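Survey of secondary and tertiary structure
So the chains spell out like this:
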Amino acid sequence: MDDLSGHLRTVMRITFFFLSLCFIGWALYPEQKPLFGGLVLGAAASLVNAFHLSWKVQRIGANAAAKGAKRNNLGFLTRACIGLLAVVVATRYFSFSVYGTVAGLFVAQLATLILGFRSKGRSAARHSSDERGENN
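Residues numbered from 1 in each chain as written. Predicted model: local features only at pLDDT ≥ 70, side-chain atom pairs only at ≥ 80, totals over all residues. Heavy atoms only, no water.

As annotated in an unreviewed UniProt entry, the protein carries the name ATP synthase subunit I and comes from Paenibacillus glycinis. For the record of the protein, the UniProt heading Subcellular location (unreviewed entry) holds the text "Cell membrane". (UniProt positions renumbered as here; feature names shortened; annotations may be inferred.)

Encoded structure:
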């Protein structure tokens, strides 16, 4: 990834758009409040996980550039605990749906995946094999 902060900013915008759709759904369908509340809480935790992973990747990159000690830990346990904390808060304090919360945990990751595919497709279209005139 050449532009990690740009991709993260786009993931943040997509997640905020998803959150706004969830809040609209919460307002229009009050009987589905547990589901939409779980989606909101899960998407917020997903965004926190995306920011945490970005921070860790930047730290590892800076450490590798500075020829520091080799440390290849991306903090899976921390990100798993953030997801578990979201589920516990959703069920214990707000009575939100566990299924909605778990589904919301995938929002930022799906946005990242879609952006990666889109970015890969655009770079492949720009860099064709006959760029230097070899196939003429």
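That was the structure; now back to the text.
**Thoughts on the packing of helix α1 (residues 4-28) against helix α2 (residues 33-65)**
The contact between α1 and α2 brings their axes to 9 Å, and the two run at 170°. In terms of orientation, α1 and α2 fall into the roughly antiparallel class. The residues of α2 that touch α1, namely those facing L4, L8, M12, T15, F16, F18, L19, C22, F23, G25 and W26, are K33, F36, G37, L39, V40, A43, L47, A50, F51, S54, V57 and Q58. A class-by-class count of the residues in the contact of α1 with α2 yields 17 nonpolar, five polar and one charged. (Axes fitted to C-alpha atoms, helices over the stretch in contact; angles between N-to-C directions. Helix = DSSP H or I, 4+ residues; strand = E, 2+ residues; numbered from the N terminus. Parallel < 35°, antiparallel > 145°, perpendicular 65-115°, else oblique. Contact = heavy atoms within 4.5 Å. Nonpolar A, V, L, I, M, F, W, Y, C, P; charged D, E, K, R; others polar.)

**What about the nonpolar core?**
Membership of the largest hydrophobic core is limited to seven residues, which are L19, C22, F36, L39, V40, A43 and V107. Sorting the residues of this core by element identifies α1 and α2 as the ones contributing at least two each. Per-element accounting of this core gives the leading share, four residues, to α2. In this structure, F36 is in contact with C22, G25, W26 and Y29, ignoring residues within four places of it in sequence. In this structure, L8, V11, A108 and A111 belong to the second largest nonpolar core, which totals six residues. (Core = buried A, V, L, I, M, F, W, Y, C linked by side-chain atoms within 4.5 Å. Buried < 20%, exposed > 50% of the residue type's maximum accessible area, 1.4 Å probe, protein only.)

**Comments concerning the packing of α2 against helix α3 (residues 76-92)**
Orientation of α2 relative to α3, taken along the N-to-C sense of each, is 165°, at an axis distance of 10 Å. The angle between α2 and α3 falls in the class roughly antiparallel. Judged by the sense of rotation from one axis to the other, the crossing of α2 with α3 is right-handed. Contacts from L41, A45, V48, N49, H52 and L53 in α2 reach T78, R79, I82, G83, A86, V89 and A90 in α3. (Left-handed = near helix turned anticlockwise from the far one by under 90°.)

**A word on unusual backbone geometry**
Positive phi is not limited to glycine here, since S95 has a value of about 55°. You can call S95 exposed: its relative accessible area is 55%.

**Digging into the side chain of S46**
Assignment of secondary structure puts S46 in helix α2. Residue classification places S46 among the buried residues on the basis of a relative accessible area of 0%. Within the structure, the side chain of S46 is placed 3.2 Å from the backbone oxygen of L105, a separation counted as a polar contact. In contact with S46, other than residues within four places in its own chain, are G104, L105, F106, V107, A108 and Q109. (Polar contact = N/O pair within 3.5 Å; in protein donor to acceptor, adjacent residues only side chain to side chain.)

**Looking at the UniProt feature "transmembrane region" (unreviewed entry) in the protein**
Taking the numbering used here, the UniProt-annotated feature "transmembrane region" (unreviewed entry) corresponds to residues 12-29, 35-55, 76-94 and 100-117. Measuring from the first to the last C-alpha atom of residues 100-117 gives 26 Å, for a span that is 89% helix and 0% strand.

**Overview of α1**
Taking 1.5 Å as the rise per residue, α1 with 25 residues should run 36 Å; its terminal C-alpha atoms sit 36 Å apart, in good agreement. Taken residue by residue, α1 has G6, L8, V11, T15, L19, C22 and G25 as its buried positions. (Expected span 1.5 Å × (residues − 1).)

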